[in-house]
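A structural walkthrough
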Amino acid sequence: MFARVLGETTKLGNITLPCGVQVNIPTLFVHRDQEIWGNNANEFNPERFSEGVASSTDGKFGYFTFGFGPRVCIGQNFAMLEAKVALAMFLQHFTFEISPSYVHAPYLVVTLQAQYGAQVILRKVA
Ligand code: HEM
């Protein structure tokens, strides 16, 4: 959820919002919006990004995990690089599969989390 306080009276679609109003942008809902992502918006489907974000949203603006505009995350490139290096190192040494005990129960506490944890079975690559 992003929060912004309007510095001036602002027109948002058909609505005119006065200066000083706080606008909250619910990332979770935008990232699950079927008008942007299609009927399978709620499915975990990393393949949707295989041709880049723009083609998965039909060019609509609907993906901002690191924010956007002048206050976009300054650690974005670092975080992406770090995640890729960590994942590559991990996959060099382990295979993994989701445990049968895993219960899919995402819930939101600042970030989206697995309510009962994400149990994974690791196997060392020989
Ligand atoms: C997966 C990792 C990360 C995610 C998802 C993330 C997400 C975000 C988001 C959404 C914002 C914008 C908040 C807003 O507009 O209200 C933000 C801002 C920021 N992030 Fe990150 N971030 C990540 C990693 C990092 C790292 C590694 C650093 C520093 C090394 C960092 C430093 C910052 C800073 C300083 C801001 C404030 C920028 C400003 O207000 O001008 N972030 N981040």
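So, here's what we can say about the structure.

Analysis parameters
Residues numbered from 1 in each chain as written. Predicted model: local features only at pLDDT ≥ 70, side-chain atom pairs only at ≥ 80, totals over all residues. Heavy atoms only, no water. Helix = DSSP H or I, 4+ residues; strand = E, 2+ residues; numbered from the N terminus. Rg over C-alpha atoms; globule rule 2.2 N^0.38 Å. Buried < 20%, exposed > 50% of the residue type's maximum accessible area, 1.4 Å probe, protein only. Areas by Shrake-Rupley, 256 points an atom, 1.4 Å probe, with all protein chains shown as cover. Lys, Arg positive; Asp, Glu negative; His and termini not counted. Charge placed at Lys NZ, Arg CZ, Asp CG, Glu CD. Pairing = 2+ DSSP bridges. Salt bridge = Lys/Arg side-chain N within 4 Å of Asp/Glu carboxyl O.

Things to note about the overall build of the protein
- Scanning the protein from terminus to terminus reveals 4 helices and 8 strands.
- Its C-alpha atoms give the protein a radius of gyration of 19 Å, clearly above 14 Å, the size a compact globule of 126 residues would have.
- Along the first, second and third principal axes, the C-alpha set of the protein runs to 60 × 30 × 30 Å.
- Every one of the 126 residues in the protein was classed for burial, and the buried ones make up 14%.
- Counting only carbon and sulfur atoms, one obtains 61% of the accessible surface of the protein, whose full area is about 10000 Å².
- Each charge sign in the protein was given a centre, from 9 positive and 9 negative side chains, and these centres are 7 Å apart.

Describing the pairing of strand β6 (residues 106–109)
- Note that β6 and strand β7 (residues 111–114) share 4 bridges and pair antiparallel. Its bridge partner being in β7, Leu108 is matched across the sheet by Leu112.
- In sequence, β6 turns back onto β7 through a hairpin of 1 residue, with Val110 there showing a positive phi of about 65 degrees.

Section: the pattern of salt bridges
- Summed over all chains, the structure comprises 1 salt bridge.
- Where Glu97 meets Arg123, a salt bridge forms, and the shortest distance between an N and an O atom there is 2.7 Å. On the criterion of sequence distance, the pair formed by Glu97 in strand β5 (residues 94–98) and Arg123 in strand β8 (residues 120–124) is long-range, its members being 26 residues apart.
- Under the relative-accessibility criterion, Arg123 is labelled partly exposed at 43%.

Any link to function would need more than the numbers given here.
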